[in-house]
Each structure stands twice: as C-alpha cells, then as structure tokens.
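# Commentary on secondary and tertiary structure
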Amino acid sequence: MSSSAVAPLIVVVGSANMDLVVHASRLPLRGETLLGERFETVNGGKGANQAVAAARLGGTVATVAMVGCVGGDAFGASLRDALDRERIDGAHVHTIASQPSGIASITVGRDGANSIVVAPGANACVSTAHVDAAADLIARADMLIGQLEVPLATIAHAINIAARNGTPVLLNPAPAQPLPDTLYRQIDYLLVNETEAALLTGLHVSGVPCARFAADALLGKGARNVIVTLGAQGAIWAGAQGSGYMAAPVVRVVDTTAAGDTFAGGFAVVRASGASMQQSIAFAQRAAAASVTRAGAQPSIPFRAELEEDSISEV
Ligand code: RIB
C-alpha cells in the first residue's frame, strides 16, 4: 500500500478490556476442568484493539481518537497507558471510579482457536452523553468505527451523528445482536464474520457461497457495503461498487484473538485514506494474517512498516 493521499482522522467508539488469557492444549469441553499451560494479562477489548490497529496500520499519518470508559482500577490505568503509548487521543476515554474495568476471560488452544467471555464493567457506562461530548470530533472524522461491547443505544447515537455530518461509518457488530432496521441505512461498511452474519440474517453462513447470500441479505436491509470475513478462507464483499472474493494469505496460526479487530482498523484507515475497496480489503487481510502469527490481542497487531517489508511469515 503506497502512502496516503490524505491523513485520515479515525474515531473509535467502543470497549477496552483487560484480557485474562490462559493458553491450553485445547479448549475445554462443557463442564470440564482442564489444566492450562500459561497465563497472561494482555491489553484488549474490541474498541481499543481496533483503535490500536488503525494507529499502527495508519503509519505516521493517521490520527486516531477513542471514546470509551475504563474502571477506576489498575487494569483501567494500564488500558489508558496502552492507548497513550500508541498516541491515540484518549481525551474522551473516561474513568468510572465506581466500576471495574472490562475484562475478557480467554482460553487459547494450541491450534490458535479461542473462546472468549466478556464482563463489560465500565464499558457498559459508555453513554450517549459521552458521545455528545465527542460530537465535533465525530463530525470531522474520516471514519467512525463502532462495535457492540458498549451499549447499542450509544453506538446508534454515534452513528446518527456521523450520518448527519457525512462521516463514513464502519460497524463491526460484535458480539452480534439484532440491529434496528433504521441503523442499517446509516452504515457505509458492515463488517461481519460468519457467526455475526448468521445472527443478523437468520441464514446458515459457512463458506463463500453462504457468505454471498448473507451479504446480499444485509445489503437488502440497507447497509451500503458488506464485508464477510471467513478466517483462513478469505473474505467476500458486496456493495455499490460491485462485489468480489479475496483469498487470505496462508500463515501459521498461533492465536486468532483480535484478527477481526486488526482487519477492521486496517481496513478503516486505508479506506479513509482513499484506497479502493479491493486495496483496502487486501491490506486488511495481510494485517489480520500477520496478527494471527502472534499471541495476544494488542501485542499481535502489526505496524504498517512490517507489512510494507512483507514480513508475514508464510507457511
Ligand atoms: O476481538 C478480541 C477481543 O474480544 C479481545 O481483546 C477481548 O477483550 C474481547 O473484547
């Protein structure tokens, strides 16, 4: 990807979690106690991960700001520090003293697959008032990114402000929940995996042909562009400028945590810089592929220079 035509401003409204990660030989079965291999705490949360991805993958030119909440605990301080280190504008990240920070309990198997349960904590406090305080920023942004680890009403409010001001919107509806019909018409880029596509459409979504059906159904609901990511099978996209399929780079998978977040942040920052849909998806796929070769959420997200050096270690 060549250098940007414009220096984009990306605003992320979303969650920040401390990830409590146990690496194990495999994921436990229902009701089973399994001895794990190693434990670590890692900065994560879909909102913060996507902000970090946009900052790292935007190279030196992108400006990224986040709207969110952390708790008044040590995790909250660490999550804030992590944003500061990435030079993400955290002026609209609030500390809610009465709440714990969001945490994610994550198990990662040796095959790189994971299971995640999130306790939202302070993320549940991200409010429409917090969004209103950042309204000018959203109005000036080149892309608003939202996910659903903060209240849907808050995200819908941010999307409304963006839509009124002509700011393009990328929504990654994760974890998935039904969306109001009116919201779809305000979404420029609806980014879903197979599970999310299935929940939003009621269709069985597994593999490329199903993903194409699901994308058409989501376009029918009013989204302007739909991208369905299929992990190692690649991604399909459909929208006003046509549709297509892109295979994913083949890599050795260590940990898939935050691969979707890396895709979202990478896609947003290059698309907002003026790249085409195809260029943006190809770049996001390379970034996501690099992320799965490394452990953890934010530690796994690559920097733009790494991709330019083509340093994804192919199998
Ligand atoms: O998408 C990965 C993220 O999901 C993790 O970092 C975890 O915090 C959960 O939000």
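Reference entry: report on the structure contained in this document. (Residues numbered from 1 in each chain as written. Predicted model: local features only at pLDDT ≥ 70, side-chain atom pairs only at ≥ 80, totals over all residues. Heavy atoms only, no water.)

### Let's talk about the state of the cysteines
If you walk through the whole model with that rule in mind, you get zero disulfides. Here Cys-125 is not cross-linked by a disulfide; its sulfur's nearest cysteine counterpart is in Cys-69, at 5.9 Å. (Disulfide = S-S within 2.5 Å.)

### As for the site of the ligand
Residues in close proximity to the ligand total 13 residues, the closest being Asp-19, Gly-45, Lys-46, Glu-149 and Asp-261. The separation between an oxygen atom of the ligand and a polar side-chain atom of Asp-19 is 2.5 Å. One of the side-chain N or O atoms of Asp-261 is found 2.7 Å from an oxygen atom in the ligand. In isolation the ligand exposes 280 Å². Once the protein is present, 96% of that is buried. Along the lines of polarity and charge, the residues of the shell around the ligand split into five nonpolar, four polar and four charged. (Near = heavy atom within 4 Å. Polar contact = N/O pair within 3.5 Å; in protein donor to acceptor, adjacent residues only side chain to side chain. Areas by Shrake-Rupley, 256 points an atom, 1.4 Å probe, with all protein chains shown as cover. Nonpolar A, V, L, I, M, F, W, Y, C, P; charged D, E, K, R; others polar.)

### Topic: the sheet that holds strand β12 (residues 235-239)
The strand order β5-β4-β1-β8-β9-β10-β11-β12-β13 describes an open sheet built from nine strands, whose pairing is mixed. Edge strands, defined here as strands with exactly one partner in the open sheet, are β5 (89-96) and β13 (242-246). Geometrically, the sheet is characterised by an average inter-axis angle of 15 degrees between neighbouring strands, direction not taken into account. Pairing between β12 and β13: five bridges, direction antiparallel. By the bridge assignment for β13, Ile-236 is matched with Tyr-245. (Pairing = 2+ DSSP bridges. Helix = DSSP H or I, 4+ residues; strand = E, 2+ residues; numbered from the N terminus. Axes fitted to C-alpha atoms, helices over the stretch in contact; angles between N-to-C directions.)

### Remarks on the nonpolar core
A general feature of soluble globular proteins is that nonpolar side chains tend to end up buried together. Formed by 47 residues in total, the largest nonpolar core has its most connected members in Val-11, Leu-144, Leu-171, Leu-190 and Val-228. Examining the composition of this core, we find that seven residues originate from one element, helix α5 (residues 152-164), more than from any other. Residues within four places of Leu-171 in sequence aside, it is in contact with Gly-146, Gln-147, Leu-148, Ile-155, Ile-159, Leu-179, Leu-183, Ile-187, Tyr-189, Leu-190 and Leu-191. With 44 residues, the next largest nonpolar core counts Ile-10, Val-70, Ile-145 and Met-277 among its residues. (Core = buried A, V, L, I, M, F, W, Y, C linked by side-chain atoms within 4.5 Å. Buried < 20%, exposed > 50% of the residue type's maximum accessible area, 1.4 Å probe, protein only. Contact = heavy atoms within 4.5 Å.)

### A few points about the pattern of salt bridges
Under the defined criterion, the tally for this structure stands at six salt bridges. One salt bridge connects Glu-37 with Arg-110, and the closest N-O pair in it is separated by 2.3 Å. Remark: Arg-110 occurs in the loop between β6 (102-108) and β7 (114-119) and Glu-37 occurs in the loop between β2 (17-23) and β3 (38-44); sequence separation between them is 73 residues. By relative accessible area, which is 45% here, Glu-37 ends up partly exposed. Ionic pairing is found between Arg-224 and Asp-188, a salt bridge with its closest N-O pair at 2.9 Å. (Salt bridge = Lys/Arg side-chain N within 4 Å of Asp/Glu carboxyl O.)

### Overview of the sheet that holds β7
The mixed open sheet is built from four strands, whose spatial order is β3-β2-β6-β7. Each edge of the open sheet is held by one strand with a lone partner, namely β3 and β7. For this sheet, the mean angle separating the axes of adjacent strands, direction not counted, is 20 degrees. Bridge count for β2 against β6 is seven bridges, and the pairing is parallel. Residue His-23 lies in a different strand from β6, and its bridge partner there is Val-108.

### Points about α5
Counted at 1.5 Å a residue, the expected span for α5 with its 13 residues is 18 Å, and the 18 Å between its end C-alpha atoms agrees. Buried within α5 are the following residues: Leu-152, Thr-154, Ile-155, Ala-156, Ala-158, Ile-159, Ile-161 and Ala-162. Close packing links the buried residues of α5 with β1 (9-13), α3 (128-133), α4 (135-140), β8 (143-146), β9 (169-171) and α6 (181-184). Gly-166 occupies a position one or two residues after α5 and carries a positive phi of about 75 degrees. (Expected span 1.5 Å × (residues − 1).)

### Digging into the packing of helix α9 (residues 259-272) against helix α10 (residues 277-292)
The N-to-C vectors of α9 and α10 enclose an angle of 145 degrees; their axes lie 8 Å apart at closest approach. α10 is crossed by α9, and the crossing has right-handed handedness. Contacts between α9 and α10 involve Ala-259, Thr-262, Phe-263, Gly-266, Phe-267, Val-270 and Arg-271 on the former and, on the latter, Met-277, Ser-280, Ile-281, Phe-283, Ala-284, Gln-285, Ala-287, Ala-288, Ser-291 and Val-292. Class assignment for the residues of the contact of α9 with α10 results in 11 nonpolar, five polar and one charged. (Left-handed = near helix turned anticlockwise from the far one by under 90°.)

### As for the packing of aromatic side chains
Overall, the coordinates contain one aromatic pair when judged by the stated rule. With a centroid separation of 5.3 Å and 70 degrees between ring planes, the pair formed by Tyr-189 and Phe-267 is classed as edge-to-face. Here Phe-267 lies in helix α9 and Tyr-189 lies in strand β10 (residues 189-193), a separation of 78 residues in the sequence. When its relative accessible area of 0% is taken as the criterion, Phe-267 is described as buried. (Phe/Tyr/Trp six-rings, centres within 6.5 Å; stacked < 30°, edge-to-face > 60°.)

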